[in-house]
Amino acid sequence: MADILHLIKIRAPREKVYQALTTAEGVRNWWTRDTDLDSKVGGKGEFRFAKGTRVTTVSIEELKPASRVVWKAISAPIPTWADTRIEFELHAEGDATLLAFAHRGFPEADDMFAYSNTAWAQFILSLHEYLETGKGTPHPDDPISRPANS
């Protein structure tokens, strides 16, 4: 098995980082604008790319306020994502947060693993920029118009 690992210091409190990872509004600012995300364990997240033609669906496996978020990939446009776990560990470091990111359980370190690693690096940096400056660089697609409560 192969795991993607990233570690980054974000000059923002853990609570703010946690909100960026556990709310649809937060994720829309750093990963993809077309996002639905439940805020409870056992819930679901749906992240749409390429005008909804590529969809990643996760189950919310673990939520420990201001310290840990775990998603299990159910389906994705990249087949090797199935049954992998996406983990965010948050550690206080003064007035900043040390984010330990892991995407675990890839069958092998192949080309799609390398592609995923590069993409995650880009989006973790987007999360960093969003939290430190208020403006991330999520996937560039325009959001699909959705009712406010969906």
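Residues numbered from 1 in each chain as written. Predicted model: local features only at pLDDT ≥ 70, side-chain atom pairs only at ≥ 80, totals over all residues. Heavy atoms only, no water.

Looking now at the overall build of the chain. The helix and strand inventory of the chain stands at 3 helices and 7 strands. Starting at the N terminus and walking to the C terminus, you meet the elements of the chain as β-α-α-β-β-β-β-β-β-α. Relative to its length of 150 residues, the chain is compact, with a C-alpha radius of gyration of 14 Å against a globular reference of 15 Å. For the C-alpha atoms alone, the extent of the chain along its principal axes is close to 40 × 40 × 30 Å. Taking all 150 residues of the chain together, 45% fall into the buried category. When contacts within the chain are restricted to residue pairs at least 6 apart in sequence, those whose partners lie at least 24 apart make up 49%. If you sum the accessible surface of the chain, you get close to 7,600 Å²; carbon and sulfur atoms cover 52% of it. Taken as two groups, the 18 positive and 21 negative side-chain charges of the chain have centres that lie 4 Å from each other. (Helix = DSSP H or I, 4+ residues; strand = E, 2+ residues; numbered from the N terminus. Rg over C-alpha atoms; globule rule 2.2 N^0.38 Å. Buried < 20%, exposed > 50% of the residue type's maximum accessible area, 1.4 Å probe, protein only. Contact = heavy atoms within 4.5 Å. Areas by Shrake-Rupley, 256 points an atom, 1.4 Å probe, with all protein chains shown as cover. Lys, Arg positive; Asp, Glu negative; His and termini not counted. Charge placed at Lys NZ, Arg CZ, Asp CG, Glu CD.)

For the chain, the mean per-residue pLDDT works out to 93, and 93% of the residues sit at or above 70. Note that pLDDT drops below 50 for residues 143-150; the model gives that stretch 8 contacts with residues more than four away or on any other chain. (pLDDT = per-residue confidence, 0-100.)

In this section: the packing of aromatic side chains. Using the criterion set out here, one finds 12 aromatic pairs in the structure. Aromatic side chains Phe47 and Trp71 sit 5.1 Å apart centroid to centroid with 35 degrees between the ring planes, which places their arrangement in the tilted category. Note that Phe47 is positioned in strand 3 (residues 44-49) and Trp71 in strand 5 (residues 68-75), a separation of 24 residues in sequence. Comparing Phe47 with Trp71, the two get one shared label, buried. (Phe/Tyr/Trp six-rings, centres within 6.5 Å; stacked < 30°, edge-to-face > 60°.)

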